[in-house]
Amino acid sequence: MGEIALAYNPIGVETLSPPTAQVVRMDNFSVLEKVAPNPTFINSVPEKAGEYTVSLAHLHRTTVAFRYQVHLEEAAWPEYLPIIVSPIWRMEPHQASVILNYKPNPNYHRRTATGTPITLRNIGFITGVGGVIPTSCQSKPVGTFARDSGRMAWKLGDITLDEASATGRLVARFMIDGGAGVAATHAPSEMRWEIVGDEAVAAGSPLGLSSLEKVEEVKEEVDPFADEETLSRSAECVREKKEEWKKLSTVRRVASGKYSGV
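Fair warning: this is a prediction, and the values are worked out from it, not measured in the lab.

The rules behind each value
- Residues numbered from 1 in each chain as written.
- Predicted model: local features only at pLDDT ≥ 70, side-chain atom pairs only at ≥ 80, totals over all residues.
- Heavy atoms only, no water.
- Pairing = 2+ DSSP bridges.
- Helix = DSSP H or I, 4+ residues; strand = E, 2+ residues; numbered from the N terminus.
- Axes fitted to C-alpha atoms, helices over the stretch in contact; angles between N-to-C directions.
- Core = buried A, V, L, I, M, F, W, Y, C linked by side-chain atoms within 4.5 Å.
- Buried < 20%, exposed > 50% of the residue type's maximum accessible area, 1.4 Å probe, protein only.
- Contact = heavy atoms within 4.5 Å.
- Phe/Tyr/Trp six-rings, centres within 6.5 Å; stacked < 30°, edge-to-face > 60°.
- Polar contact = N/O pair within 3.5 Å; in protein donor to acceptor, adjacent residues only side chain to side chain.

Participant: Report on the sheet that holds strand β3 (residues 32–37), specifying residues and quantitative values.
Facilitator: If you walk across this open sheet you meet the three strands as β1-β6-β3, and the pairing is antiparallel. If you trace the sheet from one side to the other, it starts and ends with β1 (2–6) and β3, each paired once. Going from strand to strand, the sheet's axes swing by 25° on average, the running direction of each strand aside. Here β3 pairs with strand β6 (residues 63–70) via five bridges, running antiparallel. Along β6, the bridge assignment pairs Lys34 with Gln69.

Participant: Give me the lowdown on the nonpolar core, citing residues and values where you can.
Facilitator: Counting 32 residues, the largest nonpolar core has Leu120, Phe125, Phe174, Met191, Trp193 and Ile195 as the members making the most contacts within it. Contributions of two or more residues to this core are made by β7 (83–92), β8 (95–104), β9 (119–130), β12 (151–160), β13 (168–175), β15 (189–196) and α1 (199–203). Ignoring anything within four residues of it in the chain, the contact list for Leu120 reads Pro82, Ile83, Gly157, Asp158, Ile159, Leu161, Met191, Trp193, Glu194 and Ile195. Counting residues in hydrophobic clusters, the runner-up holds 16 residues, among them Leu32, Phe41, Phe66 and Tyr68.

Participant: Would you mind going over the packing of aromatic side chains in detail, with residue names and values included?
Facilitator: The final tally for this structure, using the stated rule, is five aromatic pairs. The interplanar angle of 35° and the centroid separation of 5.1 Å between the aromatic rings of Tyr102 and Phe125 together place this pair among those described as tilted. With Tyr102 in strand β8 and Phe125 in strand β9, this pair connects stretches of sequence that are 23 residues apart. Accessibility expressed as a relative area gives 1% for Phe125, which makes it buried. With a centroid separation of 5.6 Å and 90° between ring planes, the pair formed by Trp193 and Tyr259 is classed as edge-to-face. Residue Trp193 is located in strand β15, and its partner Tyr259 is located in the loop between β18 (253–255) and β19 (260–261); the two are separated by 66 residues in the primary sequence. Here Trp193 falls in the buried class, since its relative accessible area comes to 7%. Among the aromatic residues, those joined into a cluster by ring pairs are Trp89, Phe145 and Phe174.

Participant: Explain the sheet that holds β7 residue by residue, including any values.
Facilitator: Pairing between the strands of a sheet is mediated by backbone hydrogen bonds and can be parallel or antiparallel. Sheet architecture is open: four strands sit in the order β7-β8-β13-β10, paired in antiparallel fashion. Looking along the sheet, the strands with just one partner apiece sit at the ends: β7 and β10 (136–140). Geometrically, the sheet is characterised by an average inter-axis angle of 15° between neighbouring strands, direction not taken into account. When β10 meets β13, the two strands line up antiparallel, connected through five bridges. Bridging across to β13, Gln138 finds its partner in Arg173.

Participant: So what's going on with unusual backbone geometry? Residues and values would help.
Facilitator: Pro141 follows Lys140 through a cis peptide bond whose omega is -5°. Examined against the element boundaries, Pro141 turns out to sit in the loop between β10 and β11 (144–146). For Asn28, which is not glycine, the phi torsion reads 60° and is therefore positive. If you trace the backbone, Asn28 turns up in the loop between β2 (21–27) and β3. The class for Asn28 is partly exposed, based on a relative accessible area of 42%. Of note in the backbone geometry, Glu47 takes a positive phi value of approximately 60° without being a glycine. Structurally, Glu47 can be placed in the loop between β4 (42–44) and β5 (51–55). You can call Glu47 exposed: its relative accessible area is 86%.

Participant: So what about the side chain of Glu194? Which residues, and what values?
Facilitator: Note that Glu194 resides in strand β15. Residue classification places Glu194 among the buried positions, given a relative accessible area of 15%. Looking at Glu194, its side chain comes within polar contact range of the side chain of Asn122, at 2.6 Å. A distance of 2.7 Å separates a polar atom in the side chain of Glu194 from a polar atom in the side chain of Arg253. Excluding residues that lie within four positions of it along the chain, Glu194 makes contacts with Thr119, Leu120, Arg121, Asn122, Arg253, Val254 and Ala255.

Participant: Outline the pairing of β13, supporting the account with residue identities and numerical values.
Facilitator: Side-chain alternation along β13 places Gly168, Leu170, Ala172 and Phe174 on a buried face and Arg169, Val171, Arg173 and Met175 on a face that remains uncovered. Where β8 and β13 come together, eight bridges link them in antiparallel fashion. Looking at β13, one finds that Ser97 is bridged to Arg173.

Given below as structure tokens:
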């Protein structure tokens, strides 16, 4: 799932009557399961799937224009997980221990640049126990423990998936007073990450946007009745305007949603 936001910069528009609307096309529209245009300033072009009219007057700042869901066969879901998280729990009366193992997914699907490094940014892990309030928690590496919620969090920064550092282990031990650990349950082990910049082009969906632009085409028109001596003098430049689709400049970001280890 994702969203597409638009920004309009009128700088450089030198006409006396700047455009009030722009037609855009969602490239690779067929990959979508669902799409929801923002009705405030987006209207579908009748009988042209994937084409929309954008009211530029509403784009005073970067604004979400579309929310969408890409169609994926359920059997292909594991291919879109760049990293695999495997928690191992041990529940005891006075403590609950967990080992979080993580490693790159060897079957990770990438649309382009297969085999090149890809970096997961701002990686974080969260895990914990429920049903009881732990008194303390020890972890390796050192993380941040929230006693009220019984959660331990680690912030690991960036990991490049083709390096040995992409494989790792986190350990936490939650201490529980009075033998109440028999009532404890383990919470899901969640991971957060994002992919930005050029690497997001390979990792994300193939969706893109193009705009319908008016371009001027210069043609040389030759007088068919001119002889060879006057042929060069009889040529005239004819300027014709036509419309063509041009890809819009985009900035992409892929982020984890609910990403849990089992």
